[in-house]
Amino acid sequence: LPQWMLIILFAIIPFYMWLSYWPGRKAKVVPIRASAFSPDKVPSNLDTIVIGSGSGGSSCSNILAQSGQKVLLLEQHEERTGGCTH
């Protein structure tokens, strides 16, 4: 077989198969936005706490939430979130 067919057969097709079975498509995500931090608003059954809502923190918390974890995303700025992405 030509090299380009081998690349498609052993690299691209398995990647798309893995991507189509990502568990996040079945997870229910309920976003809640708080105006200011308060310890009594924090759920007791969290799996992950992400500090900083920049591009990395937002991406990681999104992937973790889609995979079924309960995630708390903290940001120090109330009026603008997103770090260097705003």
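Residues numbered from 1 in each chain as written. Predicted model: local features only at pLDDT ≥ 70, side-chain atom pairs only at ≥ 80, totals over all residues. Heavy atoms only, no water.

Details of the overall build of the protein chain
Thinking step 1. Counting its secondary structure elements, the protein chain contains two helices and two strands.
Thinking step 2. Helices (α) and strands (β) of the protein chain occur, in sequence order from the N terminus, as α-β-α-β.
Thinking step 3. Total accessible area computed for the protein chain in this model is approximately 7100 Å², and 62% of it derives from carbon and sulfur atoms. (Helix = DSSP H or I, 4+ residues; strand = E, 2+ residues; numbered from the N terminus. Areas by Shrake-Rupley, 256 points an atom, 1.4 Å probe, with all protein chains shown as cover.)

A short note on the environment of Gly57
Thinking step 1. Within the secondary structure, Gly57 sits in helix H2 (residues 55-66).
Thinking step 2. Since its relative accessible area comes to 13%, Gly57 is described here as buried.
Thinking step 3. Linking Gly57 and Leu74, residues 17 residues apart in sequence, is a C-alpha distance of 9.1 Å.
Thinking step 4. Excluding anything up to four places from it in sequence, Gly57 contacts Val50, Gly52 and Leu73. (Buried < 20%, exposed > 50% of the residue type's maximum accessible area, 1.4 Å probe, protein only. Contact = heavy atoms within 4.5 Å.)

Focus: H2
Thinking step 1. For H2, which comprises twelve residues, the first-to-last C-alpha distance of 16 Å matches the rise-based estimate of 16 Å (1.5 Å per residue) to within 8%.
Thinking step 2. Within H2 the residues assigned to the buried category are Gly57, Ser61 and Ala65. The buried side chains of H2 occupy one side of the element, clustering within an arc of 55 degrees when seen end-on.
Thinking step 3. Looking at the buried positions of H2, the neighbouring elements they touch are strand E1 (48-51) and strand E2 (71-74). (Expected span 1.5 Å × (residues − 1). Arc of directions from axis to C-beta.)

Re the confidence of the model for the protein chain
Low pLDDT marks stretches whose predicted atomic positions should not be read closely.
Thinking step 1. Residues at a pLDDT of 70 or more form 67% of the protein chain, whose mean pLDDT is 76.
Thinking step 2. Element-level pLDDT for the protein chain is lowest in helix H1 (residues 3-20), with a mean of 74, against a maximum mean of 91 in E1. (pLDDT = per-residue confidence, 0-100.)

Topic: a nonpolar patch on the surface
Thinking step 1. On the surface, a nonpolar cluster with roughly 1200 Å² of combined accessible area is contributed by Trp4, Met5, Leu6, Ile7, Ile8, Leu9, Phe10, Ile12, Ile13, Phe15, Tyr16 and Met17.
Thinking step 2. The residue Ile12 is located in helix H1 in this model.
Thinking step 3. By relative accessible area, which is 38% here, Ile12 ends up partly exposed. (Patch = residues over 30% accessible without salt bridge, like charges linked within 9 Å, V, L, I, M, F, W, Y side chains within 5 Å. Salt bridge = Lys/Arg side-chain N within 4 Å of Asp/Glu carboxyl O.)

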